[in-house]
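# Summary of structural features
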Protein chains: 2
Amino acid sequence: MESSDVPAAPAAPTLKPGRGRRPADDVRRAALAAAAELLLADGMPGVTFAKVAARAGVSKMTLYKWWPSPGSLAFEAYFSVFERTLAFPDTGDIRRDLTEQLHAFVDLVERHGPVLAGIVGAAQSDPGLAAALSEQYVRKRRGLAVERLARARELGQIRAGVDLETVVDQLWGACYHRLLLPAGLPLDREFTDRLLANLLTGIAPDGT
Amino acid sequence: MESSDVPAAPAAPTLKPGRGRRPADDVRRAALAAAAELLLADGMPGVTFAKVAARAGVSKMTLYKWWPSPGSLAFEAYFSVFERTLAFPDTGDIRRDLTEQLHAFVDLVERHGPVLAGIVGAAQSDPGLAAALSEQYVRKRRGLAVERLARARELGQIRAGVDLETVVDQLWGACYHRLLLPAGLPLDREFTDRLLANLLTGIAPDGT
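Values in this document were obtained by computation on a predicted structure and should not be read as measured data.

## Some points on the overall build of chain A
Within chain A, the secondary structure is distributed over eight helices and zero strands. Along chain A, from the amino end to the carboxyl end, the secondary structure elements read α-α-α-α-α-α-α-α. Across chain A, the fraction of contacts at a sequence separation of at least 24, relative to all contacts at a separation of at least 6, is 64%. A total of about 9300 Å² of accessible surface is found on chain A, and carbon and sulfur atoms cover 54% of it.

Take a look at the structure:
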């Protein structure tokens, strides 16, 4: 990743309670920015409480208080930086909007796939990270997708009775499959266009 | 898992080259059986070269020679034991055969999900394990699925022109998504029946 993706860590926070500042927010932001820099430079192993504390000018105790593990801090840092690239458009045309969102997703994976895979991989043996990943990312992202799909279903663009959570697994889940269990196959815009065509139209002839 | 799933480790191999035995095979089998026992008892962290060597009565040097990392040994052990449960039926009816294979798969995941997730998770930071997983499991399983789907396509049960690799991601990949990025949703036979219905019929009305 280019360093321009990561906001610069703010200067070590100045404690000015008299002026109504909220230093805890500054400290938190500094820690997240430092963790994001370390993560993108050295991957998951680069994110330790000691390194984040030194880089952000905060105490290790503060980090322990807020995050159950370095993995959960790294995860929050990562997704606080990149969440904005995964907005969910609503132009009223579900095929177009899903196409656009899936393109944005695979573009992100193309640049940051190893970091994303490292986080999901580490979550399999780090309960604190697993909880953060599920609560703060998986459920939130699924919720946004299902919300958009539900509007399409109301408009008759998706069949009544279709389980929308399952659709999420067959679009974004299919992408994660190529990322986490790779077989040398492309994970690109053409792939997501095929996912969408298969799922909207059906792969059996005449919708049988 | 019940211990009956794992074949008992054979007795320490006897070297009888004069009788035409292949002791290397015995050693290999003993190492794999020991690794499978440790894996299912204690998860990935339980599989170390030292423990496998002690349990199987083989030298650590032998293990180093055959496996690049304890993770890759654990992985081979796991899949050598369970591969047979994932056979790919061909009754001539693609919906029925996919249903049956997906049911067998989620039944397996229901019993051994954490071990499977642990292997895939560890692969994200263990290049030797990642290579073994891709070569010996992912590509092989995908190959079997695509082979079966191709016969269905020849018979006109799947539309001409459908990319069959993509179908694999939308069925088994969707299951891995619920396993590796959990959101508290079920990963069961009903789920796979929905995956299949969505994909065969399409989620848009009238196949539009």
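## Section: the relation of the copies chain B and chain A
The relation between the two copies of this chain is a rotation about an axis and a shift parallel to it. Rotating chain B by 180° and translating it 0.0 Å along the rotation axis places it on chain A, where the RMSD comes to 0.0 Å. Taken together, the rotation angle and the small translation identify this as a two-fold axis.

## Let's talk about the packing of aromatic side chains
Residue and element names in this part refer to chain A. Overall, the coordinates contain eight aromatic pairs over all chains when judged by the stated rule. For the ring pair Trp 66 and Trp 67, a centre distance of 5.8 Å and an interplane angle of 90° mean the geometry is edge-to-face. For Trp 66, a relative accessible area of 29% gives the class partly exposed. Residue classification places Trp 67 among the buried residues on the basis of a relative accessible area of 3%. In this arrangement the basic side chain of Arg 28 is found over the ring face of Trp 66, its NZ or CZ atom lying 5.4 Å from the centre.

## Quick word on the packing of helix H6 (residues 127-154) of chain B against helix H7 (residues 164-180) of chain B
All names here are of chain B. Relative orientation of the contacting elements H6 and H7 amounts to 125°, with a least axis distance of 9 Å. Taken together, the axis directions place H6 and H7 in an arrangement best described as oblique. Where H6 crosses over H7, the two elements pack in a sense that is right-handed. Residue-level inspection shows Tyr 137, Arg 142, Ala 145, Val 146, Leu 149, Ala 150 and Arg 153 of H6 in contact with H7, the latter providing Leu 164, Glu 165, Val 167, Val 168, Asp 169, Trp 172 and Tyr 176. A class-by-class count of the residues in the contact of H6 with H7 yields ten nonpolar, no polar and four charged.

## Concerning the nonpolar core
Ile119(A), Leu133(A), Leu180(A), Ile119(B), Leu133(B) and Leu180(B) are the most contacted members of the largest nonpolar core, which has 144 residues in total. With residues near it in sequence (within four places) discarded, Leu180(B) still touches Val120(A), Gln124(A), Leu180(A), Leu181(A), Ala117(B) and Val120(B).

## Some thoughts on the UniProt feature "DNA-binding region" (unreviewed entry) in chain A
With numbering matched to this structure, UniProt assigns "DNA-binding region" (unreviewed entry) to residues 48-67 of chain A. Across residues 48-67 of chain A, helical content stands at 75% and strand content at 0%; the span's end C-alpha atoms are separated by 11 Å.

Calculation rules
Residues numbered from 1 in each chain as written. Chains lettered and ligands numbered in written order. Predicted model: local features only at pLDDT ≥ 70, side-chain atom pairs only at ≥ 80, totals over all residues. Heavy atoms only, no water. Helix = DSSP H or I, 4+ residues; strand = E, 2+ residues; numbered from the N terminus. Contact = heavy atoms within 4.5 Å. Areas by Shrake-Rupley, 256 points an atom, 1.4 Å probe, with all protein chains shown as cover. Least-squares fit on C-alpha atoms with pLDDT ≥ 70 in both. Phe/Tyr/Trp six-rings, centres within 6.5 Å; stacked < 30°, edge-to-face > 60°. Buried < 20%, exposed > 50% of the residue type's maximum accessible area, 1.4 Å probe, protein only. Lys NZ or Arg CZ within 6 Å of the ring centre and 35° of its normal. Axes fitted to C-alpha atoms, helices over the stretch in contact; angles between N-to-C directions. Parallel < 35°, antiparallel > 145°, perpendicular 65-115°, else oblique. Left-handed = near helix turned anticlockwise from the far one by under 90°. Nonpolar A, V, L, I, M, F, W, Y, C, P; charged D, E, K, R; others polar. Core = buried A, V, L, I, M, F, W, Y, C linked by side-chain atoms within 4.5 Å. UniProt positions renumbered as here; feature names shortened; annotations may be inferred.

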